[in-house]
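Okay, here's what each chain looks like letter by letter:
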Amino acid sequence: QVQLVESGGGLVQAGDSLKLACAASGITFSRYTMGWFRQPPGKEREFVAGISWYSSGDSTYYSDSVKGRFTISRDNAENTMYLQIDSLKPEDTAVYYCAAAKRIGIPTVDYEYSYWGQGTQVTVSS
């Protein structure tokens, strides 16, 4: 059974940092491109960052809104993907989802990802 479980969210103040984690099971994790999406309250789900399963070429990709503050990484030995978030802003408030795609490259659209976690809430107060 495929399962993706996010953790690490919480209520923080602007300027704080968080590290989210996504633990995967039921898939050959090292053969999947992984991505983070987020859904702010009342808005559509949007791409945040992705990391490929292969080492050639660019291995990570970020949306312009988070570039420079967010860092995506993965530990294939632990079947876990991470998202380090620094300098949090109120507009970062959202449910953050991890997703897995059996694709070449890093898709930025949600329908290209086959598996999804339940999400973890990040709330940033000003």
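Placed above this text is the structure.
Residues numbered from 1 in each chain as written. Predicted model: local features only at pLDDT ≥ 70, side-chain atom pairs only at ≥ 80, totals over all residues. Heavy atoms only, no water.

Below, the discussion takes up the pairing of strand 8 (residues 80–85). Relative to strand 8, strand 3 (residues 18–25) runs antiparallel, the two sharing 6 bridges. Residue Lys 19 lies in a different strand from strand 8, and its bridge partner there is Gln 84. Pairing analysis gives 6 bridges linking strand 7 (residues 70–75) to strand 8, with the strands arranged antiparallel. Across the sheet, Ser 73 pairs through a bridge with Tyr 82, a residue of strand 8. Here strand 7 folds back onto strand 8, and the loop between the two strands holds 4 residues, one of which, Asn 79, carries a positive phi near 55°. (Pairing = 2+ DSSP bridges. Helix = DSSP H or I, 4+ residues; strand = E, 2+ residues; numbered from the N terminus.)

Next up on the list: the environment of Phe 70. One can find Phe 70 in strand 7. Look at Phe 70 and you get buried, because its relative accessible area is 2%. A C-alpha to C-alpha distance of 19 Å links Phe 70 and Asp 110, two positions 40 residues apart in sequence. When residues no more than four places from it in sequence are discounted, the contact partners of Phe 70 are Arg 38, Val 48, Tyr 62, Leu 83, Gln 84, Ile 85, Asp 92 and Tyr 96. (Buried < 20%, exposed > 50% of the residue type's maximum accessible area, 1.4 Å probe, protein only. Contact = heavy atoms within 4.5 Å.)

We now examine the nonpolar core. Within the largest apolar cluster, 28 residues are counted, with the highest numbers of intra-cluster contacts made by Met 34, Trp 36, Phe 70, Ile 72, Met 81, Leu 83 and Tyr 96. Among the secondary structure elements, those contributing two or more residues to this core are strand 3, strand 4 (33–39), strand 5 (46–51), strand 7, strand 8, strand 9 (94–101) and strand 11 (120–125). (Core = buried A, V, L, I, M, F, W, Y, C linked by side-chain atoms within 4.5 Å.)

It is worth spelling out the state of the cysteines at this point. The full count for this structure, using the stated rule, is 1 disulfide. Covalently, Cys 22 is tied to Cys 98 through a disulfide, its sulfur atoms 2.1 Å apart. Note on the Cys 22 and Cys 98 pair: the S-S dihedral is about 55°, so by sign convention the disulfide is right-handed. Remark: Cys 98 occurs in strand 9 and Cys 22 occurs in strand 3; sequence separation between them is 76 residues. Judged by relative accessible area, which is 0%, Cys 22 ranks as buried. Classification of Cys 98 as buried rests on a relative accessible area of 0%. (Disulfide = S-S within 2.5 Å.)

Positionally, Glu 6 belongs in strand 1 (residues 3–7). No salt bridge is formed by the buried Glu 6; its nearest oppositely charged neighbour, Arg 45, is found at 8.2 Å. A distance of 3.0 Å separates the side chain of Glu 6 from the backbone nitrogen of Gln 118, its partner in a polar contact. At 2.8 Å, the side chain of Glu 6 and the backbone nitrogen of Gly 119 are in polar contact. In this structure, Glu 6 is in contact with Ala 21, Cys 22, Trp 36, Tyr 96, Tyr 97, Cys 98, Gly 117, Gln 118, Gly 119 and Thr 120, ignoring residues within four places of it in sequence. (Lys, Arg positive; Asp, Glu negative; His and termini not counted. Salt bridge = Lys/Arg side-chain N within 4 Å of Asp/Glu carboxyl O. Polar contact = N/O pair within 3.5 Å; in protein donor to acceptor, adjacent residues only side chain to side chain.)

Right, let's talk about unusual backbone geometry for a bit. Generally, phi is negative for residues other than glycine and the peptide bonds are trans, each holding for most cases. Notably, Asn 79 is not glycine yet its phi reads approximately 55°, a positive angle. Positive phi, normally seen in glycine, also occurs at Ser 87, with a value near 50°. Positionally, Ser 87 belongs in the loop between strand 8 and strand 9.

Moving on: the sheet that holds strand 1. As summarised here, the arrangement of the 4 strands in space is 1-3-8-7, forming an open sheet in which the pairing is antiparallel. The open sheet is flanked by strand 1 and strand 7, the only strands paired with a single partner. Across this sheet, the average inter-strand angle for adjacent strands is 15°, counted without regard to direction. Note that strand 1 and strand 3 share 5 bridges and pair antiparallel. (Axes fitted to C-alpha atoms, helices over the stretch in contact; angles between N-to-C directions.)

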